[in-house]
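Single-letter residue listing:
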Amino acid sequence: MAASNRWSSLFLSAVLFSSAQTLSATTDIIDSDMNFRSQESVQPIAREASASTADHSKYEILEGPFNNGPEVTRACLSCHTEAGKHFMKSIHWTWEYTHPTTGQKLGKKSIVNNFCTNARGNEGMCAQCHAGYGWKDDSFDFTNQNNIDCLVCHDRTGDYYKTPPTKGNKACSIMFEGKKPIYLVKVAQNIGLPGRENCGGCHFYGGGGDGVKHGDLDSSLKQPSKELDVHMDAKGLNFSCTKCHVSNKHLWAGSRYSVIAKDTKGTGQPGIRRDVATCESCHGLSPHPGETLAGIKLNQHVERVACQTCHIPTIARGGVATKTDWDWRTAGKTIDGEGYKEKAYTQGNGEHRATYKSIKGSFKYGENLVPHYAWFDGQMIYTTIDTEFDPDSGPVEINRFNGSAADDKSRIWPFKRMHTVQPYDKGNNTLVYMHLWGDDDDAYWGNYDFGNAIRVGMEKNGIAYSGEFDFVDTYSHWPITHMVAPKEDALSCDECHAKQSRLKNIEGVYIPGRDSSRWLDIIGLLAIAGTLFGVVGHGAVRILNRKGGQS
């Protein structure tokens, strides 16, 4: 059987090598098949984002003076009369999302994560990434359009920034000292469509720092090379985020709460279907050139393998590390009564990252990481503040997902898998809300008292607390869809078709080269033998005929 496996592997390798050689000679799909652009028509972000029919510097109402952000918003809404009503339905404003399948109440307003654990009750810090002004607590008025922050998404000067709506303890407040003043008139007169840096102001820094949360979103995507992201390549296609996450009345396509794992309606015609942020919406259901053996085989893969699995070989590869482990148990250590940091990790771009913070605990980082692969049908299921679990049955899945080889809606997807050791309610076996931020004696980011921070966090949100806490291992999963590599850097066949491949733990599907079957091996040997017999026999007949002709 060992010999049989070797012959089968040899035959498979020959076919795959031939296919790979043919594939490498094909033309770039985006440039030739889809005609997105020619090299001469590239538009830089600034020009694309400011390609407006109006010069806002000429509007008298934007000459100011402006004393604060809401005054700018009032000026914006005096012309853009319907924008506020539209935006107030957006998850960027509400921080609420009800899952259409599970019925779970999600959004940053509600969920517990395994980074800074919760925004609920910590809006004084977390709401610096809310697209509004002044969300400090439950008194925030979500019906007041003047509270909308138009500038955070539309500023094209690069001078605008957000700070926390409330003051924190000195351990945290130092992060926001020394900021240069914002000249609101200048910003208001220089607005345009959002660029990557606008979206990235929050999404690159989620979870407490650059690249911390997602693994495929960080500051390296502000001006990325083609090798880092073929779509966002600053000298090439130069896509802004809204190129895929298309907005309709300030509602954006694409959500991590409800992912389309397999888009069966993709047209392959840019501009035709833009209601979803999927590869298929532009590249279609058969994205590889179908005239070649390689293209035919790869298009067959699309049925069961997500595009991202092959075309995002590693994550966090732009010189910015992503966090992989977080241990809250070690938080609270001080030197002479003061919190401190240890920066023992140097990432690819040379920046030093904290591996310990008194306010948060210990961290581990990674770069150029091979994703975690699993069957995924697009449905994320969250462990919420109300979810009971057995802490002795293994790690708690902060967000788990469904999927299997038997489900035709599922495909093999890449994920970033994040591990954390975080507090939980030992008496009720649920996760907890912690009061972290604030200039008060109860905030953990100042007093380093877990028991008190949990008690206050739960009480403020009307959640029953047993009075006892402990720590539990948790995992979260983040579907990977950015940092798409050029076609020449996509996975080679042997990355998956091998015994110890990336997909070694994927169940329910036969993968040639990884798996073996006695009957398939026999069929493979017979095919090889038949091929050899045919070649040798054909050659022998030709030789005999040639000799007969000469005589």
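Parameters at a glance
- Residues numbered from 1 in each chain as written.
- Predicted model: local features only at pLDDT ≥ 70, side-chain atom pairs only at ≥ 80, totals over all residues.
- Heavy atoms only, no water.
- Helix = DSSP H or I, 4+ residues; strand = E, 2+ residues; numbered from the N terminus.
- Buried < 20%, exposed > 50% of the residue type's maximum accessible area, 1.4 Å probe, protein only.
- Contact = heavy atoms within 4.5 Å.
- Areas by Shrake-Rupley, 256 points an atom, 1.4 Å probe, with all protein chains shown as cover.
- Phe/Tyr/Trp six-rings, centres within 6.5 Å; stacked < 30°, edge-to-face > 60°.
- Core = buried A, V, L, I, M, F, W, Y, C linked by side-chain atoms within 4.5 Å.
- Salt bridge = Lys/Arg side-chain N within 4 Å of Asp/Glu carboxyl O.
- Arc of directions from axis to C-beta.
- pLDDT = per-residue confidence, 0-100.
- Pairing = 2+ DSSP bridges.

1. Considerations on the overall build of the protein chain
When helices and strands are counted, the protein chain shows 17 helices and 17 strands. Counting only residues that meet the buried cut, the protein chain has 45% of its 551 residues in that class. Long-range contacts, defined here as pairs at least 24 residues apart, represent 70% of the contacts in the protein chain between residues at least 6 apart. A total of about 27,500 Å² of accessible surface is found on the protein chain, and carbon and sulfur atoms cover 53% of it.

2. Some thoughts on unusual backbone geometry
Each neighbour pair has its own omega, and for Gly64 with Pro65 the value is 0°, a cis peptide bond. Looking at the element boundaries, Pro65 is found in the loop between helix H3 (45-49) and helix H4 (69-79). Its identity is not glycine, yet Asn368 carries a phi of approximately 50°, on the positive side. Relative to the helices and strands, Asn368 is located in the loop between strand E10 (361-366) and strand E11 (372-376). You can call Asn368 partly exposed: its relative accessible area is 48%.

3. A short note on the packing of aromatic side chains
A full pass over the atoms with the stated rule returns 27 aromatic pairs. Here the aromatic rings of Phe115 and Trp326 are separated by 6.5 Å at their centres, their planes lie at 80°, and the arrangement is edge-to-face. One end of the pair, Phe115, is in the loop between strand E2 (105-106) and helix H7 (123-126); the other, Trp326, is in strand E5 (residues 322-327), with 211 residues separating them in the sequence. A single burial state applies to Phe115 and to Trp326, both of which are buried. Taken together, a centroid distance of 5.3 Å and an interplanar angle of 40° make the contact between Tyr340 and Tyr356 tilted.

4. Here's the deal with the nonpolar core
Counting residues in each nonpolar core, the largest one holds 35 residues, and the members touching the most others are Trp326, Trp328, Met434, Tyr444, Trp445 and Met458. Residue assignment for this core shows that the elements contributing at least two residues are E10, strand E15 (411-425), helix H15 (444-447), helix H16 (450-460) and strand E17 (469-479). If you tally residues by element for this core, the top one is H16, at four residues.

5. A closer look at the pattern of salt bridges
In this structure the tally under the stated criterion is 15 salt bridges. In this structure, Lys162 and Asp149 form a salt bridge, with 3.0 Å as the shortest nitrogen-oxygen distance. With Lys162 in the loop between helix H8 (151-154) and helix H9 (170-173) and Asp149 in the loop between H7 and H8, the pair connects residues that are 13 residues apart, well separated along the chain. Side by side, Lys162 and Asp149 carry an identical accessibility label, which is buried. As a salt-bridge pair, Glu197 and Arg156 come within 3.1 Å of each other at their nearest N and O atoms. Here Glu197, found in helix H11 (residues 196-203), pairs with Arg156, found in the loop between H8 and H9; they are 41 residues apart in sequence, far enough to count as distant. One connected set of salt bridges, linked through shared partners, spans Asp159, Lys180 and Lys186.

6. Overview of helix H13 (residues 293-301)
The set of residues buried in H13 consists of Ala294, Gly295 and Asn299. For H13, the angular spread of buried residues about the axis comes to 130°, placing them on one side.

7. Section: the confidence of the model for the protein chain
Confidence in the prediction of the protein chain, expressed as mean pLDDT, is 88, and 89% of residues score 70 or more. Across residues 1-49, confidence stays below pLDDT 50; counting only partners more than four residues off in sequence or on other chains, it has 74 contacts.

8. Details of the pairing of E10
Summarising the sheet, E5 and E10 pair through five bridges and their orientation is antiparallel. Residue pairing in the sheet places Asp325 in a bridge with Lys364 of E10. Linking strand E9 (residues 356-357) back to E10 in an antiparallel pair, the connection comprises three residues.

9. So, the environment of Lys186
For Lys186, the location among the structural elements is in helix H10 (residues 184-188). Judged by relative accessible area, Lys186 falls into the partly exposed class, the value being 43%. Put simply, Lys186 and Asp155 are 31 residues apart on the chain and 9.6 Å apart in space, counted from C-alpha to C-alpha.

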